[in-house]
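Structural overview
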Amino acid sequence: MESSLSDMLLEVGYGCTQSVEECRNTLVQCGVREISPASIARVLGMMARTPSGLTDQIGVQVQHLAIL
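Residues numbered from 1 in each chain as written. Predicted model: local features only at pLDDT ≥ 70, side-chain atom pairs only at ≥ 80, totals over all residues. Heavy atoms only, no water.

1. A short note on the overall build of the chain
Across its full length, the chain carries three helices and zero strands. Going from N to C terminus, the chain has its helices and strands arranged as α-α-α. Counting the 68 residues in the chain, one finds 26% classified as buried. Pairs at least 24 apart in sequence give 75% of the contacts found in the chain among residues at least 6 apart. Counting only carbon and sulfur atoms, one obtains 50% of the accessible surface of the chain, whose full area is about 4,500 Å². (Helix = DSSP H or I, 4+ residues; strand = E, 2+ residues; numbered from the N terminus. Buried < 20%, exposed > 50% of the residue type's maximum accessible area, 1.4 Å probe, protein only. Contact = heavy atoms within 4.5 Å. Areas by Shrake-Rupley, 256 points an atom, 1.4 Å probe, with all protein chains shown as cover.)

Right under this line is the structure:
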């Protein structure tokens, strides 16, 4: 589960973090029920390694990770 969540978010793209609601909907659609601390760490690591998907119009904010 840990690596599959980060893989799924990498594939979906940073657009799913535009809002808390958008992120929740994406996670629900992908069947994510529970998220472990290890999953969050892997997602943050993936995001740190792949900044090229970020643009000014997306507006990724750390507070959106609070739903995880």
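2. Overview of the nonpolar core
What tends to happen in soluble globular proteins is that the nonpolar side chains get buried as a cluster. Counting residues in hydrophobic clusters, the biggest one holds eleven residues: Leu5, Met8, Leu9, Tyr14, Cys16, Cys23, Leu27, Val32, Val43, Met46 and Met47. Contributing elements (two or more residues each) for this core: helix H1 (2–12), helix H2 (20–29) and helix H3 (37–49). (Core = buried A, V, L, I, M, F, W, Y, C linked by side-chain atoms within 4.5 Å.)

3. Brief notes about the side chain of threonine 17
In this fold, threonine 17 is placed in the loop between H1 and H2. A polar contact is formed between the side chain of threonine 17 and the backbone oxygen of tyrosine 14, at a distance of 2.7 Å. (Polar contact = N/O pair within 3.5 Å; in protein donor to acceptor, adjacent residues only side chain to side chain.)

4. Here's the deal with the environment of serine 39
In this fold, serine 39 is placed in helix H3. As for serine 39 and serine 4, which are separated by 35 residues in sequence, their C-alpha atoms are 8.5 Å apart.

5. Quick look at the environment of leucine 9
Along the chain, the position of leucine 9 falls in helix H1. Judged by relative accessible area, leucine 9 falls into the buried class, the value being 9%. Remark: the alpha-carbon pair of leucine 9 and valine 43, spanning 34 residues in sequence, is separated by 7.6 Å.

6. Let's talk about H2
For H2, every residue scored as buried is listed here: Cys23, Thr26 and Leu27. Seen end-on, H2 carries its buried residues on one side only, within an arc spanning 95°. Relative to its buried face, H2 has exposed residues pointing more than 90 degrees away, namely Glu21, Val28 and Gln29. Looking one or two residues past H2, glycine 31 carries a phi angle of roughly 80°, positive in sign. (Arc of directions from axis to C-beta.)

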